[in-house]
Structure formats: structure tokens, C-alpha cells
Amino acid sequence: MSALGAVEAAGAGPLFRALSAEDGEQRPAEIESLCMRCFCSGVTRLLLTRIPFFKEVIVSSFTCGSCAWANTEIQSAGRIQEQGVRYTLGVTSRQDMNREVVKTDCATARIPELDFEIPAFSQKGVLTTIEGIIDRAVAGLEQDQPVRRTTDQEVASKIDEFIGKLKQLKEVHSPFTFIIDDPSGNSFVENPRAPQKDDALVVTHYRRSPQQAAMLGLEGEELGEKPDDAAEDLRNEVLQFDTNCPECNAPASTNMKLVQIPHFKEVIIMATNCDSCGHRTNEVKSGGAIEPQGTRITLHITDPSDMTRDILKSETCSVEIPELEFELGMGALGGKFTTLEGLLKDIRDLVGRNPFTLGDSSTPSRTGKLQEFIGKLQEIIEGKAKAHLILDDPAGNSYLQNVYAPEEDPELRVERYERSFEQNEDLGLNDMKTEGYESGGASAR
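Here we summarise the structure given alongside this text. Remember, predicted model here, so these are calculated numbers, not experimental data.

Here we come to helix α8 (residues 340–352). Residue pairs three or four apart in sequence face the same way in an α-helix, which turns once every 3.6 residues. Given a rise of 1.5 Å per residue, 13 residues ought to cover 18 Å, and the 18 Å separating the end C-alpha atoms of α8 matches this to within 8%. Residues L340, G342, L343, L344, I347, V351 and G352 constitute the buried set of α8.

Here you go:
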């Protein structure tokens, strides 16, 4: 019997059931498997489940009754995200070692101070802590040490020395950097201060390179070229193409339209509607180039009518609410064309879906802080509290409606600024050459 057939036979109902302690019908499927250590028969247990506010996963556990060997792993059963993600954490204390980490099998883990790297697809996906990842790396290096000491004493000694350095990291005698780079976008590093910003954790969303897309099996998804005369037709036509629902993964349709925003520029609005589960989503892409300067928009929210202001938040825009000590980094929530109320509700839902602040993994103090933040945010949405909303877009492609246009808005301030080297690096502008490249190429030849 196949693994999928065994899971279907384990119980009726949906293939992926929500993870719940009260679900008495949810049982793992047991499959007889070969133990790769003693080559006797063992048992593999598979549990196909949906973690609330996170995603669908496959949890597997193998045990051997003959040699007592055991192994557990977790695999993502959801879709590959639109962008890759990179988590950079500065580890400075023992508490940082206890941060929970979701590391998929295609993610790369690095510790630059030791020039240490766990390559992609060298380990199975795992739900663990930073200390657990280091322990797993130590166990892998120690596995063949007895053989190395017999065949190559010098190499074995160097590996023993490196293992000692890894074990010293667990004591955090000196700070070090821990990096998880996942082209699929499905890895995660816990922020214990959520929903407040964690100064020690930097989350970067990026577009996959062609090599990374090929590694994930996405190399055949390039878009075909459009003829030059089709540009004008796109302005008056709603394009439709097939895709998969981000919630239930069922086939769905996405509509795309080029729209001109008054007093701003052209944008591309994409909307997906799933007929299977009813999920709806929309996303906005900038239809123009990156502006010469970045834009910082500050709105003083003083009246409930401010909630009706139109907002265009691009993918490169970060959102800050100083009164709540809250900052949403660029790449989160994607591009959106909505109202101020819609954006604040999306932030509320995003914070509430944090998998490490709910269920069995949460603590009362952390849950209390989260509920307090959501309560203050709800007061702003209902117009009971005043606050400042700051949109900071290095690409200059975000917009907040001026209700007094063409006159100045007393509660709205728009600032233009020169981008830093790091911001240009994130936008890919430092290595971009738009002038003189023809002569440079000719001289090189």
C-alpha cells in the first residue's frame, strides 16, 4: 500500500485535518519500513495535518524496535511562496538559542563566524530551535569520526576541533550570526517580541534567481514575450490566467488589470477568487520604474474618516506605527491597493496568525502582549485613538490619498530622500548599469 493510500485508509474525511487536541478521529498512519541502520523492519508514522494560522505539513516519525533508532522530520505540504526569504539573527544570549525555527529541506543555514554552512537538501525539514540545529550538525559530524580516526587522524583531529567550536556556540560566550536562507519562502524564525519589532532579527524577502528556481523545479514557468503593439490593449483589457488557490491549492483564476491612479501613476492590480473555498486575495504591482528618490509618507490619524483614505502599498514599502512600537518590514503583506482601514485590518490578521503565539507553543505573557497590541490597534481602526502611520518606500512607488487634493493636506507629510547604499543593494541598483554598457562591452572584446 502507498503512503497516500495508508493515510486515506486511516480515517475518512479531509486528507489534511486541522491540528487539534480535541479531534479524537485524527490518527497517524503506520507503515512498515526498512531501518537503514540495522536493516530490520521498523514503523513509520505519518500525520498529514494543517497547523492553524500556518500551513499544511506532513509530520513523519520512524522507530525501530530492533536497534531502538528513531528519526523525525517535517515536510511542507503547501505551495512554494512567491518570494524567497532570508532570516538573519544576531545571537547574543542563551534565550536566543531557544528560538523556534522551521527549516525546510531546501533551506540553507549558515554561521559566518565559523565559516559553517548546512547546504540545501542535505537535511530533511525540521521544526526545532537554534540549539537543536547546532546539536543536529554536531551529531552529523560525530557520526563517522571513529572511522576517520582510523583512516585519517589529521582530518579527524580538525573535525574534533571544529565540533568543539560548535559546542561552545551553545554557551554564547561571544555573539554570532545565524542565517537561514530559503528560496521557497517556507522557513521561519521566531520573534519572541512579536508583534513588536525584533532588532536582532532581520527578515529579507527576495526574488529567486534562475538557479534557485531551477533547484525548486520552477524553471519552466517563464512568461512568454508580448508583441510591442499589445501594450495599448493591456490598458483596456482584463487579462485572466490560471493559478492555484494559496489556501486550499485548488485550481483558480487570477484577473489582472492595468489601472491609472489619479495624481500618481499606473499600477497593475491582480485579484484571485477561489470557487472551491471562497478565498479572495488581491495584490498590486508597480507599473512604472523605480523613482530617483525614496518616499516617506507620514499620516496623523485624527478622525474616523481617515480610515477611508486610499492606500497603495508596494512590495518594497515598510509600515510603522510609532505609538504601538510596531514596524512591518518590506515584503510583508505584498503589494496592496486598499484603504487605511483595510491595511490596518490586514496587519491585525497577520499578527494574529503568528503560529508561535497561539496554541500549545504560546506562553501566557506572550499571548497577553499580543492581545493588548491587537486591542490598541482595534481602537485606532474604530477611531477611538490617535496615531501616526508611516509608509517608507525606498522605490518611491507607494501612495496615500490626499483628500484635500490639489491643496495640501494638513495631516499628511510626504518626504523625498536619497537612498542609502543598503537600500540600493536591496533594490538591485548598485550593480545595474544603464549607460555606456555598449562601449564597455566593445572594449572588452
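Another aspect to go through is the side chain of R309. Mapped onto the fold, R309 is located in the loop between β18 (294–301) and β19 (310–313). A polar atom in the side chain of R309 sits 3.2 Å from the side chain of D306. Those residues in contact with R309 that sit more than four places away from it in its chain are L299, T338, T339, L340, L400, Q401, N402, V403, D409 and L412.

Below, the discussion takes up a nonpolar patch on the surface. Where nonpolar side chains cluster on the molecular surface, the patch consists of L34, M36 and F39 and spans about 360 Å² of accessible area. Mapping F39 onto the fold places it in the loop between β2 (29–34) and β3 (41–50).

Before going further, it helps to examine empty space enclosed by the protein. Scanning the model with the defined rule gives one cavity of 30 Å³ or more in all. Approximately 40 Å³ is the volume found for the largest cavity. Lining the largest cavity are A109, R110, I111, F116, I118, I133, I134, A137 and F178. Of all the elements in the fold, those that place two or more residues in the lining of the largest cavity are β8 (108–111), β9 (116–118) and α3 (130–142).

As a further point, take the layout of surface pockets. Its boundaries defined by the atoms lining it, the second largest pocket holds a volume of some 600 Å³. Taken together, 19 residues make up the lining of the second largest pocket; nearest its centre are S122, Q123, R136, G140 and Q143. At the level of elements, β5 (70–76), β9 and α3 are the ones that each hand at least two residues to the lining of the second largest pocket. The element contributing the most residues to the lining of the second largest pocket is α3, with five residues. Among the residues making up the lining of the second largest pocket, the classes are represented as eight nonpolar, five polar and six charged.

On to helix α5 (residues 153–169), then. In this model, α5 (17 residues) spans 25 Å end to end at C-alpha, consistent with the 24 Å of a helix rising 1.5 Å per residue. Against the buried residues of α5 lie α2 (94–97), β8, β9, α3, α4 (145–151) and β11 (176–182).

This paragraph deals with a negative patch on the surface. Together, E422, E425, D426 and D431 make up a negatively charged patch on the protein surface. On the secondary structure map, E425 appears in helix α10 (residues 421–426). Under the relative-accessibility criterion, E425 is labelled partly exposed at 41%.

With that out of the way, let us pick up the pattern of salt bridges. Throughout the structure, instances matching the rule amount to 19 salt bridges. R99 is the partner of D96 in a salt bridge, and the nearest nitrogen-oxygen pair spans 3.2 Å. Considered together, D96 and R99 belong to a single accessibility category, that of buried residues. The partner of K384 in a salt bridge is E382, and the shortest N-O contact between them spans 3.1 Å. The class for K384 is exposed, based on a relative accessible area of 65%. The network of salt bridges with common partners includes D96, R99 and D198.

Attention now moves to the pairing of β19. Regular strands place side chains that alternate from one sheet face to the opposite one. In this structure, β19 lies alongside strand β22 (residues 336–339), joined through four bridges in antiparallel fashion. Considered in β22, the bridge of L312 is made with F337.

Next up on the list: the sheet that holds strand β7 (residues 100–103). Strand order in the open sheet made by the three strands is β10-β7-β12, with antiparallel pairing throughout. Each edge of the open sheet carries a strand with a single partner, namely β10 (126–129) and β12 (188–189). As paired strands, β7 and β12 are joined by two bridges and run antiparallel to one another. What sits directly across from V101, in β12, is V189. Relative to the sheet, α3 contacts β7 and β10, its axis offset from that of β10 by approximately 110 degrees.

With that settled, consider the packing of α3 against α5. Relative to each other, α3 and α5 sit at 165 degrees, their axes nearing to 10 Å. On the basis of their axis angle, the class for α3 and α5 is roughly antiparallel. Our pair here, α3 against α5, has a crossing hand that is left-handed. Contacts between α3 and α5 involve I134, V138, L141 and E142 on the former and, on the latter, I159, F162, I163, L166, K167 and L169. Within the contact of α3 with α5, the residues separate by chemical class into eight nonpolar, no polar and two charged.

Attention now moves to the environment of E283. Following the sequence through the fold, E283 ends up in strand β17 (residues 280–286). Considered as a pair, E283 and T338 are 55 residues apart in the sequence and their alpha carbons are 9.6 Å apart. Contact partners of E283, with chain neighbours within four places excluded, come to E82, I268, I269, M270, E315 and G335.

Moving on to the pairing of strand β14 (residues 239–244). Bridging between β14 and strand β15 (residues 251–260) involves six bridges; their strand directions are antiparallel. Along β15, the bridge assignment pairs F241 with T254. Between β14 and β15, which pair antiparallel in sequence order, lie six residues; one of them, N249, sits at a positive phi of approximately 65 degrees.

Parameters at a glance
- Residues numbered from 1 in each chain as written.
- Predicted model: local features only at pLDDT ≥ 70, side-chain atom pairs only at ≥ 80, totals over all residues.
- Heavy atoms only, no water.
- Helix = DSSP H or I, 4+ residues; strand = E, 2+ residues; numbered from the N terminus.
- Expected span 1.5 Å × (residues − 1).
- Buried < 20%, exposed > 50% of the residue type's maximum accessible area, 1.4 Å probe, protein only.
- Polar contact = N/O pair within 3.5 Å; in protein donor to acceptor, adjacent residues only side chain to side chain.
- Contact = heavy atoms within 4.5 Å.
- Patch = residues over 30% accessible without salt bridge, like charges linked within 9 Å, V, L, I, M, F, W, Y side chains within 5 Å.
- Areas by Shrake-Rupley, 256 points an atom, 1.4 Å probe, with all protein chains shown as cover.
- Salt bridge = Lys/Arg side-chain N within 4 Å of Asp/Glu carboxyl O.
- 1 Å grid on protein atoms, 1.4 Å probe; cavity = no way out; pocket = protein on both sides within 12 Å on 5 of 7 lines; lining within 4 Å.
- Points joined across faces, edges and corners; volume = space filled by probe spheres on them.
- Nonpolar A, V, L, I, M, F, W, Y, C, P; charged D, E, K, R; others polar.
- Lys, Arg positive; Asp, Glu negative; His and termini not counted.
- Charge placed at Lys NZ, Arg CZ, Asp CG, Glu CD.
- Pairing = 2+ DSSP bridges.
- Axes fitted to C-alpha atoms, helices over the stretch in contact; angles between N-to-C directions.
- Parallel < 35°, antiparallel > 145°, perpendicular 65-115°, else oblique.
- Left-handed = near helix turned anticlockwise from the far one by under 90°.

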